[in-house]
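Residues per chain, in single letters:
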Amino acid sequence: MAVVSWKEILLLTGLVVGCYWNCLSCGFVFDDVSAILDNKDLRPSTPLRNMFLNDFWGTPMAEERSHKSYRPLTVLTFRLNYLFSELRAASYHLLNVILHAVVCVLFLRVCRLFLDKTSSFVAALLFAVHPIHTEAVTGVVGRAELLSSIFLLAAFLAYTKSTGSDNSIVWPPITLTVVLVAAATLCKEQGITVIGICCVHEVFVAQGFTLPMLLDTLRQVLRGKDGFPCVVLQTLLKLIVLIISTLLLVIIRVQVIQSQLPVFTRFDNPAAVSSSPTRQMTFNYLLPVNAWLLLNPSELCCDWTMGTIPLVESLLDLRNLATVTFYTFLGLLAHHSLCYRHSSAKTVIMALSLIVLPFIPASNLFFPVGFVVAERVLYVPSMGFCVLVAHGFKTMSHRGHLKKISWLMAGVLLTTHAVKTFNRNWDWESEYTLFTSALKVNKNNAKLWNNVGHALENQNNYAMALRYFLQATRVQPDDIGAHMNVGRTYKNLNRSKEAEEAYLVAKSLMPQVIPGKKYATRVAPNHLNVYINLANLIRANDSRLEEADQLYRQAISMRPDFKQAYISRGELLLKMNKLTEARDAYLRALELDGANADLWYNLAIVNIEMKDSSEALKNFNHALELNPRHKLALFNSALLMQESGEPRFWPEANRRFLTYLEEEPNDANGYFNLGMLAMDANENLAAEHWMRKAIGLQAGFRSALFNLALLYSQSKREMDALPVLDELLLYHPEHIKGLVLKGDILMNHKKDTHGAKACFERILQMDPTNVQGKHNLCVVYFEERDLPRAERCLEETLVLAPNEEYVRRHLSIVRSKMAALSAAGQLLSVGEGASVSTKEEKLQSGKERAEEIAVGKEEGRGTDAVGKGAADEKNVRKSSAERPRCWGADKSGSVDCSQAKSRSAKEIKGIEEKRAAALKRLEDIERILSGD
């Protein structure tokens, strides 16, 4: 038995790299999106144990929507990829290429057991370049096939060493075989079929039995003529060990999937729900279809579901001839291999075992699967096909007149397959290229039209996407998903009426409830999202909130474990201000998925609305325990700590804001809130730094600009505040608080009454009833010694605010001054008036400035709090809660939640001190004026 040389290894590896190097430029497409991009089990923040509790796609095995595909070792390799390169697709594709090269080398080693050196190398070369493998190698999720194949081949090679030179049993290789079989099964389910291959090898190759010999031995034993020979007993013992190991693995597997099969619909596999004999004829016809793909891989398609292969509904269908021909050829090969003992028979029987046994789980013959044809499941069966081709090559090449022809045919075959593989890789470059290439092969698959639409939708080309979605509804009028896609696209195009009509069509296609029959077994879980999507659409109309709630409740009644319905209903109830019911909805969702950080976050938002800050903080902390990098939980919990007014929380709030900024380094709101936190702690230099950082990232950041100006003003740096206020008013000329602060600085520090007057007059142009602006304008008139105008101004102000005692007192002062001047015989004209000092009069407006600034500091904190978890229409994704809350500003800093913020005890004390000082100065002014 020849070993594999280094030259052969290098040649095989070089050929694999030559065929697949262009796949390194491909992205994540098709199933890669769910398995890689959307799979939280890849993230380092997710506990490792989750990989052994969830399926291949990151869905808990206990959930009905789980595909029950348990492949934790494959997911582990994805996680390692993520650890080194996160979501850079090239590293994932590179590892797949390396694994394919390893499989090729192991396959060559296996071929050496049945074929000569040249023929085995031809088989390995053909396997390396066969185009049917592009889905398994270039598609990242195909790694399950690659890893399973490595362990499968290794297990088989180990088992071949289980017979000693004296035909005794060598147990260590058998033990190793069982371990490797378990590893292969943890990579992909079909790995367990290697047990059958080992059994075939043991009986027909290692022991050299033929079918007639086995039958003759069995007859003799049954007649009692002779007992089992020692060799037969040893063989039976080894087979029993293998079979028991297989049964144990199957039992464990059944326990893992909790004795439930995944839910598939007729759209995934139409024949699976067809009646007899259509189901049997169609499934048997799929066998020659797969064989033809191995023989002639000229037209490959990434998706063979739905209407790709029409059902075989009649015995007169000509496609039945293909089925008969296939079984005839397979029977002849089986007869040849089972009835003779020569080396050719042994090669053929091993080739057939490699073809048939690994394909059985995907054949639909014993249980339905979620696809009609899948090219990637032919990865292992193609090994047997390559062995048959190489065996045919060997047979031809040994006939002198056919030797050159056989080499020519082998060269042409390898060249054409290599070129086809290389070109096929480009189809996997993006989802658009992949699905458009599939449409060239098959235009009767609505799923392909839908997927091209999704690809265009991801490019925000909604108009073109709509054309493909509508075509999908024409190809398959009863495709619920296609109508849902149409509805979502109409919604993206702001055509709500058409969107609702499309959703209603999809809803009408849903199976009706049959008493006594479990609904979930008859519908794909994602189709229930039609209720979620329709409810999300109509709840934009406040008059239809109850109607939307009814849809959510209908979805829950169909699937009490439909977590997404509880999440979406919780958001709606929050919008309806039914806080207790919203909390209960989220608590029910948490019963179904207590490890969901987003649900704990949403519950915290409900607690905030219920004014239960302590409970909100606990739930934010729950979310962060599950996901320490949960951005919204970091941000809003830090904000909650900051606004508590308790300095003991501020260091942790500061840490959480900084962690948030590690995730979102370009979010100006994070820096702004760090600045506000520093202002609360009287760390003015740090506050200035963070505010400047926020403004640098977001020009015209209203809240940051105003609070920076306020910071300068409070730090007695009024001249530094003026350019900041000018920038604020450039972007937001209507900012009344900014105008008030600028007018105050101009009047009290620059003695620019003209500029101050312009600020206050602009306030009154925007809001004629603004008491603060009106009063301060009156102060300007008094400062200009225009007492009659000041009197009229204060009278108008008193009409606006009849209960403001300070306005009444100021009016009394002005009138007293006018009376005193009149008695003295002085003219009351512009430019003349009271001889009160500028400092004293400035302090009158300062009373109100103290109040204004105390309130203004709290303006525009952070980003909108959002409740994650709502389903969108394309996929079950998370969306923001629609209820605007006083948990910060939007990206422009425009949400003013100042009135909702609680002030700290220190701030309140400062305000009261400023008010008391202002009142005292006012009394001094009144006393001076009265004595004048």
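Residues numbered from 1 in each chain as written. Predicted model: local features only at pLDDT ≥ 70, side-chain atom pairs only at ≥ 80, totals over all residues. Heavy atoms only, no water.

Student: What am I meant to see in the overall build of the protein chain here?
Tutor: Within the protein chain, the regular secondary structure consists of 40 helices and 0 strands. Per-residue burial over the protein chain gives 55% buried out of 932 residues. Restricting to contacts in the protein chain with at least 6 residues of sequence separation, those with at least 24 account for 67%. For the protein chain, the computed accessible surface area is about 40400 Å², with 59% contributed by carbon and sulfur atoms. (Helix = DSSP H or I, 4+ residues; strand = E, 2+ residues; numbered from the N terminus. Buried < 20%, exposed > 50% of the residue type's maximum accessible area, 1.4 Å probe, protein only. Contact = heavy atoms within 4.5 Å. Areas by Shrake-Rupley, 256 points an atom, 1.4 Å probe, with all protein chains shown as cover.)

Student: Looking at this model, I keep getting lost on the packing of aromatic side chains. Mind explaining?
Tutor: Both the distance between ring centres and the angle between the ring planes are used here to describe each pair of aromatic rings. Scanning all chains against the criterion turns up 17 aromatic pairs. Their ring planes at 80° and their centres at 5.1 Å tell us that F28 and Y92 sit as a pair that is edge-to-face. In this pair, F28 sits in the loop between α1 (6–20) and α2 (31–37) while Y92 sits in helix α4 (residues 89–111), placing the two residues 64 residues apart along the sequence. Each member of the pair, F28 together with Y92, is buried. One aromatic cluster is present, built from ring pairs that chain together W21, F422 and W426. Taking the ring centre of Y285 as reference, the NZ or CZ of R319 above it sits at 5.2 Å. K693 extends its terminal NZ or CZ atom over the ring of Y671, reaching a point 5.5 Å from the ring centre. (Phe/Tyr/Trp six-rings, centres within 6.5 Å; stacked < 30°, edge-to-face > 60°. Lys NZ or Arg CZ within 6 Å of the ring centre and 35° of its normal.)

Student: What should I look at first to understand the pattern of salt bridges in this one?
Tutor: Close approach of charged atoms allows side chains of opposite charge to pair. Using the criterion set out here, one finds 39 salt bridges in the structure. Between K575 and D542 there is a salt bridge, with its nearest N and O atoms 3.6 Å apart. With a gap of 33 residues between them, K575 in helix α24 (residues 563–575) and D542 in the loop between α22 (529–538) and α23 (545–558) connect regions that are remote in the sequence. Between E796 and K774 there is a salt bridge, and its shortest N-O distance comes to 2.5 Å. Of this pair, E796 sits in helix α37 (residues 787–800) while K774 is found in helix α36 (residues 771–783), placing the two residues 22 residues apart along the sequence. Owing to a relative accessible area of 42%, E796 belongs among the partly exposed residues under this scheme. (Salt bridge = Lys/Arg side-chain N within 4 Å of Asp/Glu carboxyl O.)

Student: Would you explain α24 in this entry?
Tutor: Owing to its 3.6 residues per turn, the α-helix aligns residues three or four sequence positions apart on the same side. A rise of 1.5 Å per residue sets the reference length of α24, with its 13 residues, at 18 Å; its end C-alpha atoms lie 19 Å apart and thus fit the reference within 8%. Burial runs high along α24: 12 of the 13 residues are buried. Inspection of α24 places K563, Q564, A565, Y566, I567, S568, R569, G570, E571, L572, L573 and L574 among the buried residues, and these make up the whole buried set. On its buried face, α24 sits against α22, α23, α25 (579–592) and α26 (597–609). Backbone geometry just after α24 places N577 at a positive phi near 65°. (Expected span 1.5 Å × (residues − 1).)

Student: Looking at this model, I keep getting lost on the nonpolar core. Mind explaining?
Tutor: Generally speaking, nonpolar side chains in soluble globular proteins are found buried as a group. The biggest cluster of nonpolar side chains holds 239 residues, and the ones touching the most others in it are L12, F107, Y379 and M383. Among the elements that take part in this core, α4 stands out by supplying 11 residues, more than any other. Sequence-distant contacts of F107, defined by excluding residues within four places in its chain, comprise A123, A124, F127, L153, M383, C386 and V387. In terms of nonpolar packing, the next biggest core, distinct from the first, is built from 14 residues, A35, L42, F78 and V140 among them. (Core = buried A, V, L, I, M, F, W, Y, C linked by side-chain atoms within 4.5 Å.)

Student: What am I meant to see in the state of the cysteines here?
Tutor: Among covalent bonds in proteins, the disulfide is the one between the sulfur atoms of two cysteines. Applying the stated criterion across every chain, the model contains 1 disulfide. Paired by a disulfide, C778 and C793 hold their sulfur atoms 2.0 Å apart. Between C778 and C793 the disulfide shows an S-S torsion of about -85°. By sign, it is left-handed. With a gap of 15 residues between them, C778 in helix α36 and C793 in helix α37 connect regions that are remote in the sequence. Of the two residues, C778 and C793, neither departs from the other in class, the shared state being buried. Of the cysteine sulfurs around C26, a residue in no disulfide, the closest is that of C23, at 6.0 Å. (Disulfide = S-S within 2.5 Å.)

Student: Where do I start with helix α34 (residues 736–748) in this structure?
Tutor: Here α34 is 13 residues long and its end C-alpha atoms lie 18 Å apart, about the 18 Å a rise of 1.5 Å per residue gives. By the criterion of burial, α34 is predominantly enclosed, with 12 of the 13 residues buried. Among the residues of α34, those classed as buried are K737, G738, L739, V740, L741, K742, G743, D744, I745, L746, M747 and N748.

Student: What should I look at first to understand the packing of α4 against helix α7 (residues 143–159) in this one?
Tutor: Two packed helices can be described by the angle between their axes and the distance between those axes. Where α4 contacts α7, the two axes come as close as 9 Å, and the packing angle between them is 25°. On the basis of the axis angle, α4 is roughly parallel to α7. The handedness of the crossing between α4 and α7 is left-handed. Counting all contacts with α4, which are made through Y92, L95, N96, L99, H100, V102, V103, L106, F107, R109 and V110, the residues of α7 involved are R143, L146, L147, S149, I150, L153, F156 and L157. Taken together, the residues that form the contact of α4 with α7 break down as 14 nonpolar, 3 polar and 2 charged. (Axes fitted to C-alpha atoms, helices over the stretch in contact; angles between N-to-C directions. Parallel < 35°, antiparallel > 145°, perpendicular 65-115°, else oblique. Left-handed = near helix turned anticlockwise from the far one by under 90°. Nonpolar A, V, L, I, M, F, W, Y, C, P; charged D, E, K, R; others polar.)

Student: It is not clear to me how a nonpolar patch on the surface should be interpreted in this structure. Could you clarify?
Tutor: The grouping of L233, L236, I240, I243, I244, L247, L248 and I251 at the surface amounts to a nonpolar patch, some 720 Å² of accessible area in total. As for its position among the elements, I251 is in helix α11 (residues 230–256). (Patch = residues over 30% accessible without salt bridge, like charges linked within 9 Å, V, L, I, M, F, W, Y side chains within 5 Å.)

Student: Sorry, what's going on with the environment of A535 here?
Tutor: Relative to the assigned elements, A535 resides in helix α22. Given the relative accessible area of 0%, A535 is considered buried. Remark: the alpha-carbon pair of A535 and E547, spanning 12 residues in sequence, is separated by 7.6 Å. Residues within four places of A535 in sequence aside, it is in contact with A548, L551 and Y552.

So far we have only geometry, and geometry alone does not tell us how the molecule works.
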